[in-house]
Every structure is written in C-alpha cells, then in structure tokens.
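# Descriptive structure summary
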Amino acid sequence: MPPPASRPPDLGKFTTQKLAWSPCGESLDCAHLTVPLDYAAPDGPTISVGLLRHKAAKQRIGSLVVNPGGPGGWGTSTAAALAKTPAAAPLLDRFDLVGFDPRGVGTSQPRITCRTDAEQDADRASDVESDMSPDGVKKQLAETTAYGAKCAEGTKYGKTLLVNVGTRDVVRDLDLLRAALGDEKLTYLGYSYGTQIGAAYAEAYPRNVRALLLDGAIDPAQGLVDSLVTQAAGFQDALNEFGKWCACAVAGSTEAFQRLVRPLITKPLPAGTRKLSFEDAITGTFAGLYSRGDWPALKAALAQVAQGNGRTLLAFADDYYQRDHDGHYSGAIDAYFAVRCADHTRVTDRAAIDRAHEKMLAGAPFLAGGTPDTSELDICSTWPVPPTSAEHTPRVEALPKTLVISTTHDPATPYQQGVALAKDLKSALLTYEGVQHTVFLDGNACVDRAGIAYLIGGTAADARC
C-alpha cells in the first residue's frame with residue numbers, strides 16, 4: 001500500500017531540519033538527510049540519506065531531484081554526471097540539481113550489506129543457477145536462504161532496516177527531502193526503478209508535485225513474475241535487434257548465441273586472472289544490450305569469446321554488478337534484492353516459480369541453460385522479512401501534468417510498461433523509437449527538447465521522437 005497522504009505531526013523535527021552542505025567536488029556540495037529508520041516509530045533510531053547538489057547558475061526555479069533507478073542505483077553519482085552533461089545545461093541554469101541515494105544505498109547510512117566481495121565473486125562463478133534438477137533447485141533454495149540471512153546479519157539494524165527499505169519508505173524520505181530543500185512542491189526526474197519511486201510519490205503526495213518526468217517506466221501493477229517475464233522478452237527483442245545490426249557469426253541469431261555461451265556451463269572461459277561463467281556471459285550480454293551505443297563493444301566482446309577470451313564480456317558483467325577494478329562491489333546488487341523483495345507479493349509456490357521460468361525461456365530462448373533472474377524469485381521466496389508493498393494500479397487524484405518517456409525497444413522496461421503508467425497517471429507519453437534503456441539527456445535532441453521544456457515550463461503532450 002502507498003504511504004499515507006498526510007504526515008503525522010511528530011515528523012516536524014525532520015521536515016524543519018537544515019541540511020549541512022559542504023563542498024565535495026568542483027561546483028558540487030554533499031549533505032545527509034536524517035530520516036526515521038521506522039516511520040511507525042519516528043522517535044526511535046534514525047538513518048541518513050546521502051545527497052549531492054549542483055546549484056542553479058541563474059534564474060533558479062527550485063530543486064530538480066534525480067534518481068537513476070536500480071533499485072540500488074546511486075542518485076549522487078548520477079547528479080554528478082548530469083552536472084557535466086552538455087545537454088543538461090538549460091536545467092542546470094534553472095534548478096539546483098539534487099541526487100539522492102535511497103535508504104540503504106550508496107552514501108546513505110547504514111548501507112545494506114550481504115555478501116563480501118569474495119563471496120560475490122564466488123556466487124557469480126558458480127553454475128548452480130544452471131542446474132534445474134530437483135537437487136539443483138534444493139541447493140539454490142539453500143543458498144538463497146543463506147543469502148537472506150547474511151543480509152539481515154550483515155546490515156546495521158538487521159531485519160528492521162530490511163523491512164523498512166522498500167519504495168513505501170523511500171517516497172516518505174523523498175517528501176522529507178522536498179521539505180528540507182525548501183521546495184513547496186517537488187520537481188523530479190526518475191529513470192527506470194526511479195519511475196516507480198516517482199509513481200509512488202504521485203500516489204502518496206499528489207498535491208506536493210510540481211513536475212514528474214519518468215523515463216524507462218515500470219508498470220506498478222505488474223507482479224514479480226510478470227515483470228521478470230516481460231523483461232526477459234524485452235532483452236530477447238533487443239538481442240534480435242542487435243543480431244540484425246551485427247550480422248555476425250557469433251551472435252547474429254539466438255541459435256548462434258547459444259552455441260557460443262552454452263559450453264561455459266561446464267567449462268568457464270579464461271578472462272585474465274578470473275574466468276567467465278555462463279551466468280556472467282548472460283549478464284554481460286544483458287549489460288551490453290542496454291544501449292545501442294554499447295553494441296560495437298559487445299560485438300567485439302562476443303568475438304573474443306569465440307576466440308577463447310572472456311575478458312571483455314566479463315568486464316560488461318562487472319559493470320552490471322558495479323564491481324570496480326580492485327574487486328570491490330558497490331552493494332547495488334544487495335540493495336536491488338532487498339527492495340524488490342520489499343515491494344512485491346511473495347511467491348512461494350515452487351510450481352509457480354517453475355512456470356515463471358518456463359515463460360521466461362519461452363519469451364527469451366537465448367537464456368536457455370539458466371537465467372540469472374530466476375534467483376530473484378527464489379531469494380524473495382525465502383527473504384527474512386515480509387513485503388511492505390504489493391503491485392497495484394496507482395490511484396491518483398489532483399496530480400499536475402506529468403511526462404512519461406518510453407522506448408519502443410527498451411530491453412529492461414519494455415515499451416508497454418510506459419504506456420500503462422502514462423495511462424494510470426494520466427500523463428503525456430513521449431515515445432522514443434529506438435533500442436536502449438532510458439534516453440533523456442543521452443543525446444537525442446528531440447527527446448531532450450521535450451523533456452527540458454516540460455521540467456522548466458510544465459507543458460507536455462503526447463509525441464514521438
């Protein structure tokens with residue numbers, strides 16, 4: 001359920017807090033927002049939400065708050081990157097650009113912590129996800145149960161943080177941030193999972209909205225199974241488009257791709273000092289399909305695999321998991337599972353999970369041999385705390401005009417999800433005809449003009465780019 005539209009009076013000490021900004025880079029300031037660990041007990045322990053700001057150059061309208069998605073993405077690093085993006089210049093003139101790391105993520109404290117770096121490497125190298133025999137499934141469930149326990153044990157406040165880390169609580173934090181920034185109404189830019197935050201905010205606090213631009217939209221009415229099935233089909237669609245573009249022997253078709261990667265199930269490929277597993281080959285390909293701009297590098301990576309070298313495709317997978325060159329993980333993957341399990345109705349019926357796996361493979365045959373995302377169903381089925389939200393169609397009243405951007409061949413959040421969200425929020429729908437995940441401020445002049453005009457002036461209409 002969405003958070004209540006009215007704030008209890010005892011949150012006053014949070015809404016009136018002064019943010020202590022300090023320099024943290026060229027033209028950048030950082031701060032932390034203090035929020036309740038548990039909104040049901042606002043006088044109890046507090047946690048902090050990490051912030052980064054680039055101040056408006058002139059004619060300031062207010063703050064533009066940004067979140068890149070995930071779940072687990074760092075809004076602070078996104079804001080820092082956008083501050084250097086030429087296409088964002090008109091927005092940087094008019095808004096304080098403010099990125100926030102949702103509770104449990106990035107520079108927010110405490111962070112969700114589950115596996116060590118070494119444990120994460122070992123999990124990626126394992127072939128357990130490819131073993132769908134009864135014994136293999138039993139082993140998977142034992143590992144996911146142990147993983148959930150590690151998340152509860154390794155994170156400060158343990159289960160209390162895990163039960164209060166979902167989108168329900170993120171939007172409450174977002175409204176406290178709006179108040180602390182001194183903005184009467186929120187102007188918000190959300191990408192991918194950030195669109196789910198935006199939609200939930202619109203449902204909870206419609207009268208506090210000035211403008212919402214939601215790019216790469218998630219349909220809040222989709223359950224966990226449906227979201228994974230449609231996403232798998234989206235990546236198959238992107239692989240098909242990649243194959244047409246590539247016209248190459250190694251990945252010009254699903255069959256060619258399978259011939260290339262299936263042997264890795266039993267024989268991982270050398271990749272420098274490490275090895276490329278089948279699961280990492282799939283994940284690396286996922287990462288390379290997110291944007292057409294990455295396709296030349298993905299083509300080269302797959303050609304290297306054919307030559308017995310997995311280094312570049314493993315680097316794609318490392319980027320997806322946010323593993324740096326020193327072998328350290330950002331924690332994004334742990335936050336991803338924690339939020340997803342908090343936000344969706346739990347599926348515990350093994351037969352239903354098996355049917356979901358079959359549907360995923362039917363819509364995405366390039367995944368045959370095992371799919372990384374089925375572990376998400378298993379992890380959530382054994383998660384140590386219950387969900388705090390459930391999929392539902394947003395119910396929104398008195399919401400100003402909003403803008404949803406959806407891409408025709410978006411692999412991660414397929415186009416129809418954006419169509420559904422725009423309908424639910426009565427938003428204008430900007431359709432981008434292309435193959436990539438999220439597009440605003442990424443080099444398409446048509447999209448950028450429309451989005452900037454909306455955020456500055458509030459005008460939006462259905463359009464295609």
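In what follows, the structure referred to is the one given above.
Our subject in this report is the structure included herewith.

What counts and how
- Residues numbered from 1 in each chain as written.
- Predicted model: local features only at pLDDT ≥ 70, side-chain atom pairs only at ≥ 80, totals over all residues.
- Heavy atoms only, no water.
- Disulfide = S-S within 2.5 Å.
- Helix = DSSP H or I, 4+ residues; strand = E, 2+ residues; numbered from the N terminus.
- Buried < 20%, exposed > 50% of the residue type's maximum accessible area, 1.4 Å probe, protein only.
- 1 Å grid on protein atoms, 1.4 Å probe; cavity = no way out; pocket = protein on both sides within 12 Å on 5 of 7 lines; lining within 4 Å.
- Points joined across faces, edges and corners; volume = space filled by probe spheres on them.
- Nonpolar A, V, L, I, M, F, W, Y, C, P; charged D, E, K, R; others polar.
- Contact = heavy atoms within 4.5 Å.
- Axes fitted to C-alpha atoms, helices over the stretch in contact; angles between N-to-C directions.
- Parallel < 35°, antiparallel > 145°, perpendicular 65-115°, else oblique.

## Regarding the state of the cysteines
- The tally for this structure, following the rule as stated, stands at five disulfides.
- With its sulfur 1.6 Å from that of its partner, Cys246 forms a disulfide with Cys248. Negative torsions about the S-S bond denote left-handed disulfides, and the value of about 110° found for Cys246 with Cys248 makes this one right-handed.
- Each sulfur of the disulfide joining Cys341 and Cys380 lies 2.1 Å from the other. Note on the Cys341 and Cys380 pair: the S-S dihedral is about -90°, so by sign convention the disulfide is left-handed. Here the residue Cys341 occupies a position in helix α14 (residues 332–343), and Cys380 occupies one in helix α16 (residues 374–381), the gap between them amounting to 39 residues.
- With a relative accessible area of 3%, Cys341 lands in the buried category.
- Here the protein pairs its bonded cysteines, counted in sequence order, in the arrangement 1-2, 3-4, 5-6, 7-8, 9-10.

## Focus on the layout of surface pockets
- The space that makes up the second largest pocket amounts to roughly 370 Å³.
- In terms of lining, the second largest pocket is formed by 17 residues, of which the most central are Arg274, Ala315, Asp318, Arg323 and His325.
- Element by element, the count of residues in the lining of the second largest pocket is highest for helix α13 (residues 311–321), at seven residues.
- Looking at the lining of the second largest pocket residue by residue, the class counts come to four nonpolar, six polar and seven charged.

## Topic: the environment of Leu186
- Along the polypeptide, Leu186 turns up in strand β6 (residues 186–191).
- For the pair Leu186 and Ala368, spaced 182 residues apart in the sequence, the C-alpha separation amounts to 44 Å.
- Not counting residues within four places of it along the chain, the set of residues in contact with Leu186 comprises Val65, Leu174, Arg178, Tyr201, Asn208, Val209, Arg210, Ala211 and Leu212.

## Some points on unusual backbone geometry
- Following Gly70, the chain continues to Pro71 via a peptide bond in cis, the omega torsion being -5°.
- Tracing the backbone through its elements, the reader meets Pro71 in the loop between β4 (62–67) and α2 (75–82).
- Positive phi is not limited to glycine here, since Tyr157 has a value of about 75°.
- Looking at where Tyr157 falls in the secondary structure, it is placed in the loop between α5 (134–154) and α6 (158–162).
- On the basis of relative accessible area, Tyr157 is assigned to the partly exposed category, the value being 32%.
- The backbone of Lys426 sits at a positive phi, close to 55°, despite the residue not being glycine.
- Note on Lys426: relative accessible area 61%, which makes it exposed.

## What to know about the packing of helix α12 (residues 295–306) against α13
- Packing of α12 against α13 brings their axes to within 7 Å, and their N-to-C directions diverge by 130°. By the angle between their directions, the pair α12 and α13 is classed as oblique. For the pair formed by α12 and α13, the contact residues are Ala297, Leu298, Ala301, Leu302, Gln304 and Val305 on the first element and Thr312, Leu313 and Phe316 on the second.
- Its residues assigned to classes, the contact of α12 with α13 comprises seven nonpolar, two polar and no charged.

## Some words on α13
- Looking only at α13, the buried set comprises Leu313, Leu314, Phe316, Ala317, Asp318 and Tyr321.
- Structurally, α13 contributes buried residues whose contacts are with α4 (117–125), β8 (269–271), β9 (274–276), α11 (278–289), α12 and α14.

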